Amino acid sequence: MKTIHVSTTVNGDAAEFICGPDESLLDVLRNRLGLTGAKEGCGTGDCGACSVMLDGRLVCSCLVLGAEAEGVTVDTIEGLAEGDHLHPLQQSFIDHAALQCGVCTPGILVAAKALLDRNPDPTETEVRYWLAGNLCRCTGYDKIIHAVMDAAKTMRAA
Amino acid sequence: MVAVVIWGSLRRFTDGQGEVEVEARNFKELMEALSARYPGLKPQIERGVSLALDGRIYREAWFTEIGPDSEVVLMPYMAGG
Amino acid sequence: MALDNTGQRVFKVVGTRPPRPDGVDKVTGRALYGADMSAPGMLVAHILRSPHAHAEIVSIDTSAAEALQGVKAVVTAADFTPQEDEYLDDILVNCLARDKVLYDGHAVAAVAATSADVAKAALKLIKVEYRKLPHVTDVDAAMRPDAPIVQSGRSLETVPEGMSENVTSHCEFGHGDLEAGFAKADLIIERSFTTAATHQGYIEPHACLATMGADGKGDLWCCTQGQYNVRSICADLLGIEASQLRVTASEIGGGFGGKTTVFIEPVALALSRKSGRPVKIVMSRSEVFLATGPTVSSSTDVKIGMTKDGRITAGQAHLRYSGGAFPCGTVDMGAQAAFAAYDLEAVQTLGWNALTNRPKEAAYRAPGAPQAIYAVESVVDELCQQLGLDPLEVRLKNAARKGTKSSYGPTFDDIGLMATLEAAKAHPHYSAPLGENQGRGLSAGFWFNFGGNTCVTLNVNTDGTVGITEGNPDIGGSRAAISQMAAEELGIPYDKIRTIVADTSSLGHNDVTDGSRVTFSVGLATIKAARDAISKMCSRAAQIWGIDEEAVVWEDGAACPAGPNAGKFPPMTLAEIAAVSFNTGGPIAGHYEFNADGAGVSFGVHLVDVEVDRETGGTKVLRYTVFQDAGKAVHPSYVEGQMQGGAVQGIGWALNEEYIYGEDGRLQNPGFLDYRIPVASDLPKIDTVILEIPNPGHPYGVRGVGETPIVPPLAALSNAVSRAIGKRLHSLPMSPPRILKALSEA
Ligand code: FES
Ligand code: FES
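Residues numbered from 1 in each chain as written. Chains lettered and ligands numbered in written order. Predicted model: local features only at pLDDT ≥ 70, side-chain atom pairs only at ≥ 80, totals over all residues. Heavy atoms only, no water.

With respect to the interface of chain A and chain C
In many analyses, interface size is given as the accessible surface area lost on bringing the parts together.
Line of reasoning, step 1. At the interface, 40 residues of chain A touch 51 residues of chain C.
Line of reasoning, step 2. For the pair chain A and chain C, the two sides together bury roughly 3,700 Å², of which 58% comes from carbon and sulfur.
Line of reasoning, step 3. When the area that chain A buries against chain C is broken down by residue, the three leading residues are Ile94, Gln100 and Arg137 of chain A, summing to 22%.
Line of reasoning, step 4. A salt bridge links Arg137 of chain A to Glu657 of chain C, with the nearest nitrogen and oxygen atoms 2.7 Å apart.
Line of reasoning, step 5. On inspection of chain A and its partner chain C, the count reaches 23 residue pairs in polar contact (both at pLDDT 80 or more).
Line of reasoning, step 6. When contributions to the side of chain A that touches chain C are tallied by element, the ones reaching two or more residues are helix H2 (88–95), helix H3 (105–118), helix H4 (124–130) and helix H5 (142–157) of chain A.
Line of reasoning, step 7. Partitioning the side of chain A that touches chain C into residue classes produces 22 nonpolar, 9 polar and 9 charged. (Contact = heavy atoms within 4.5 Å. Buried area = accessible area lost by both parts, 1.4 Å probe. Salt bridge = Lys/Arg side-chain N within 4 Å of Asp/Glu carboxyl O. Polar contact = N/O pair within 3.5 Å; in protein donor to acceptor, adjacent residues only side chain to side chain. Helix = DSSP H or I, 4+ residues; strand = E, 2+ residues; numbered from the N terminus. Nonpolar A, V, L, I, M, F, W, Y, C, P; charged D, E, K, R; others polar.)

Some thoughts on the interface of chain C and chain B
Line of reasoning, step 1. Counting residues at the interface gives 37 residues for chain C and 26 residues for chain B.
Line of reasoning, step 2. Linking chain C with chain B are 2 salt bridges.
Line of reasoning, step 3. Arg11 of chain B serves as the salt-bridge partner of Glu172 of chain C, at 3.0 Å between the closest nitrogen and oxygen.
Line of reasoning, step 4. Contributions of two or more residues to the side of chain C that touches chain B are made by strand E7 (167–175), helix H10 (330–337) and strand E17 (452–460) of chain C.
Line of reasoning, step 5. For the side of chain C that touches chain B, the leading source of residues is E7 of chain C, giving 4 residues.
Line of reasoning, step 6. By residue class, the composition of the side of chain C that touches chain B is 15 nonpolar, 14 polar and 8 charged.

Observations concerning the arrangement of the chains
Line of reasoning, step 1. Across the 2 pairs of chains in contact, the largest number of contacts is found between chains A and C.
Line of reasoning, step 2. When C-alpha atoms are compared, chain A and chain B, though not in contact, are closest at a spacing of 14 Å.

Examining the pattern of salt bridges
Line of reasoning, step 1. All told, the structure shown has 53 salt bridges over all chains when counted by the stated rule.
Line of reasoning, step 2. In this structure, the salt-bridge partner of Lys39 of chain A is Asp36 of chain C, at a minimum N-O distance of 2.4 Å. Linking Lys39 of chain A in the loop between helix H1 (25–32) and strand E3 (51–54) with Asp36 of chain C in the loop between helix H1 (23–28) and strand E1 (43–49), this pair reaches from one chain into another.
Line of reasoning, step 3. Relative accessible area serves as the criterion here: at 5%, Lys39 of chain A is assigned to the buried category.
Line of reasoning, step 4. A salt bridge links Arg154 of chain C to Glu86 of chain C; the shortest N-O distance between them is 3.6 Å. You can see Arg154 of chain C sitting in the loop between helix H5 (139–143) and E7 and its partner Glu86 of chain C sitting in helix H3 (residues 86–95), a full 68 residues away along the chain.
Line of reasoning, step 5. Residues joined in a network through salt bridges with shared partners are Arg20, Asp22, Lys26, Glu251, Asp474 and Arg479 of chain C. (Buried < 20%, exposed > 50% of the residue type's maximum accessible area, 1.4 Å probe, protein only.)

A look at the domain arrangement of chain A
Residues and elements named next belong to chain A.
Line of reasoning, step 1. Taken as a whole, chain A is organised into domain 1 (4–79) and domain 2 (88–157).
Line of reasoning, step 2. Placing a centre on the C-alpha atoms of domain 1 and another on those of domain 2 gives a separation of 21 Å.
Line of reasoning, step 3. Between domain 1 and domain 2 the total buried area reaches about 900 Å² when both faces are included, carbon and sulfur atoms providing 69% of it.
Line of reasoning, step 4. Three residues stand out in domain 1 for area buried against domain 2, namely Cys47, Leu58 and Ile77, and they jointly supply 45% of the buried area on that side.
Line of reasoning, step 5. The interface formed by domain 1 and domain 2 contains 0 salt bridges.
Line of reasoning, step 6. Viewed at the interface, domain 2 and domain 1 are joined by 4 residue pairs in polar contact (both at pLDDT 80 or more).
Line of reasoning, step 7. Here the side of domain 1 that touches domain 2 takes 3 residues from E3, the largest share from any one element.
Line of reasoning, step 8. Tallied by class, the residues present in the side of domain 1 that touches domain 2 amount to 6 nonpolar, 4 polar and 2 charged. (Domains from an automatic or database assignment.)

Considerations on the packing of helix H18 (residues 636–655) of chain C against helix H19 (residues 713–725) of chain C
All names here are of chain C.
Line of reasoning, step 1. In the contact formed by H18 and H19, the axes pass within 8 Å of each other and the chain directions differ by 55°. One way to sum up the angle between H18 and H19 is to call them oblique. Every pair of crossing elements has a handedness; the one defined by H18 and H19 is right-handed. Packed against H18, whose contacting residues are Gly646, Ala647, Gly650, Ile651, Trp653, Ala654 and Leu655, the element H19 presents Pro713, Leu714 and Leu717 at the interface. (Axes fitted to C-alpha atoms, helices over the stretch in contact; angles between N-to-C directions. Parallel < 35°, antiparallel > 145°, perpendicular 65-115°, else oblique. Left-handed = near helix turned anticlockwise from the far one by under 90°.)

Regarding the sheet that holds strand E8 (residues 187–195) of chain C
Each strand in a sheet pairs with another by means of backbone hydrogen bonds, the pair being arranged parallel or else antiparallel.
Residue and element names in this part refer to chain C.
Line of reasoning, step 1. Read from one edge to the other, the open sheet built from 6 strands follows the order E7-E15-E14-E13-E8-E27, with strand pairing classed as mixed. Looking at strand neighbours, the two that pair on one side only are E7 and strand E27 (731–732), the edges of this open sheet.
Line of reasoning, step 2. Packed onto the sheet, helix H11 (residues 369–387) meets E8, strand E13 (297–306), strand E14 (312–322) and E27 and runs at close to 145° relative to E8. (Pairing = 2+ DSSP bridges.)

What about the side chain of His199 of chain C?
Line of reasoning, step 1. By the element assignment, His199 of chain C lies in the loop between E8 and strand E9 (207–212).
Line of reasoning, step 2. Only 3.4 Å separates the side chain of His199 of chain C from the backbone oxygen of Val288 of chain C, close enough to count as a polar contact.
Line of reasoning, step 3. Once you skip the residues sitting within four places of it in the chain, His199 of chain C turns out to touch Arg137 of chain A together with Val288, Phe289, Thr292, Gly293, Pro294, Tyr364, Glu657, Tyr659 and Tyr675 of chain C.

Regarding unusual backbone geometry
Residues and elements named next belong to chain C.
Line of reasoning, step 1. Cis geometry is adopted by the peptide bond preceding Pro733, which originates at Leu732 and carries an omega value of 0°.
Line of reasoning, step 2. On the secondary structure map, Pro733 appears in the loop between E27 and helix H20 (736–744).
Line of reasoning, step 3. Here Phe256, not a glycine, exhibits a phi torsion of approximately 60°, which is positive.
Line of reasoning, step 4. When its relative accessible area of 7% is taken as the criterion, Phe256 is described as buried.
Line of reasoning, step 5. Even without being glycine, Asp556 reaches a positive phi, approximately 50°.
Line of reasoning, step 6. In this fold, Asp556 is placed in the loop between strand E20 (552–555) and strand E21 (558–561).

Structure below.
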């Protein structure tokens, strides 16, 4: 199968890769760029563990082709902290024990940031519906919702 | 002698008794004595049994001492998730 | 080790909520899970699976696949030696089918190739000739005399004569005179229930990376609840020595019991041995549903008698479980747990396990208990409804307590059920008003909890910090709890300690992370290892001071002379002793190895309010409160997390989750779209109330907490729905179509 050459921007840095025409962005990130923060929980768009931002839009990277990254920006969990400075959401997840196994956490953090970027003051119901595409089997979501609400408050105060 | 309570489905191998008496000072001796006295219990004992001693469950420890007045209950080997 | 009862112990670190040591790794995407590891020259393997529920394998021809460019190895059952031990052989046959395929999705062959595309293409070139056999997927159908036989010759001596060959085991528990008990009852209710098989649903699919040379030396990286267990099983199945196989547990993306066995690991090792290259296998989600362990499906009859004033006079349950295509002992656990919450004069439970053409059961949180307790708690609730009694009062009246002869035999020591029920009764949730189409449900739950084999090494570093090496994968914050207990014991700050999870070559055997055992057993070993290190540090201080070892005690992180006769020396802190350790005898370390017993049973009570939409049949959970005895909550946030997570898994089981099989015996919903687990918008806040009734078998009073919370939700939800719509459902899940059907049968 003919491979495709793609030039893109990942977490602010220029990146290039070649991929198969049917290769998902998730596979490219994990297998070609060494960014294993995004996880594959299903590969069918049902779990949100693979969530990344594509040109500022929240997507399931398992449903996006690698080739679609051409000329756009991709933001992943690896780009959320600034150097050794955690994003308030990351800090809040640690403070609120909002993760148990943590495998859903990268996807949920990316999704939660996307929410707070567009709505800095969401209600609990809004958070619950926004995150309805991100499965977590460990926590029962309670502490996750708490952590997001609290991070939003911190960010509004900043 | 210690009185050992066994579970119901094993009664067919102990002449219908739900409680049997054997000479044993610890878990290992208890299993050996039960197997010797009631050979029908042997397959289950080999597959695994737990021992509840005064309400506390022991899964493997052979040399768990059994006092003369202890409450001794044989249970299937316990498995969790 | 018994509870420290030397005055009421005041804890400094235990009971606080410090950040978990692996937190930053996990929020930055840096933590490495099963699928996140690669090796130079690595091959990728895929697995060919049966399209039939039940069929004989007439022949397998792998030659075309082997000839494909890029294919480096192909394995089938023929590459493995059958095991004498039935337990091991079942695991092997489940990894790769031998003569028959026993369920839809059963693995038949595996291919390792230079890329996933090549491996998948090669699977299509494998020719398997099947001869289809009749199948059975329902437990009751499988027990009928004329049912298709899934496997022959697997019945234990405990099975009564004349039953279908599918029945592999039978058990009976209980005590007292049932007939006399039922004769005393004013009302007897007898009902039958079914529960669907559900999957643990961990978000991380099984994954492993195996490297093995022709010399029989191997390395395996995998997501597992127990690296030592993986090592011993794989070593046996591959015919190598345990010492030559090093297994490293990756970070684990959930397990809940489902990662206590192996599915792909021996296959990857065999492919690696054959190809001489590292081999990675990552399951897809549909493979996880098709071929890894769901819990048992069940069919149960329960009969309970009660007096007018709410005293239970006798209880009886018949439990029929199926653990899929292989013998399974889970029904024993269910039969023992069914009536554990009650103090009964007469009780009897009978259990049978039957083979069906379904995947091999794997443990799922409190295996066997939720199904049995669902049925019992439903009948108790119906008795309360019919007799006009308060369900909480009735449970208080009949609750098991210290001195109760339990339904499974032993007499209970200190248990927390009464306290838990009292807490539920006093909670505002219990008396809050309800609206139309709303109902409140209540259920108690129980789990045994285990200890098990455990090793801990605690190294005192020369800069006054401490490293702990333990051998149980951290599923939900255990590294934090273990560090806390070490800090408590040593009297040093939490952040001076780092706890790591060892590979199988770095520490002695540790049992699987299961049975709610880790905080209890590893915690206990950590406390003992700390005490070992403390006694060594005290002896170093005694040496320095030139006094007797016995004249030194450990207080607040420092060695101190004990009493006036020991002489006057300022305390020497851990850091000070560690700093000169090279001069006083060398490095200081504490160790402890043991087989822990005395885990202490655990009880919980759940309260739930639901509202049922009569148009759609949908059930909305409005309010949920979990009450549970944790003995002592080491890190309360993670205890709450266990309670909340378990409750929500139970809610999923009660309302939506089920394995659905077609007429053809094939699984119809192997994906998260059709196998629907609860999402954030389905749920309200899950409130938690932690009770602390110390476990007499632990110095801090710790009890396991992880499993009990999945037990009560099934009946709690069913009881709530029944009260909301005035009709009782007897099957789980109570999916909208089932509720609509119940409503239409007015
Ligand atoms: S892996 Fe992409 S949504 Fe599940
Ligand atoms: S923390 Fe395990 S899936 Fe969310």
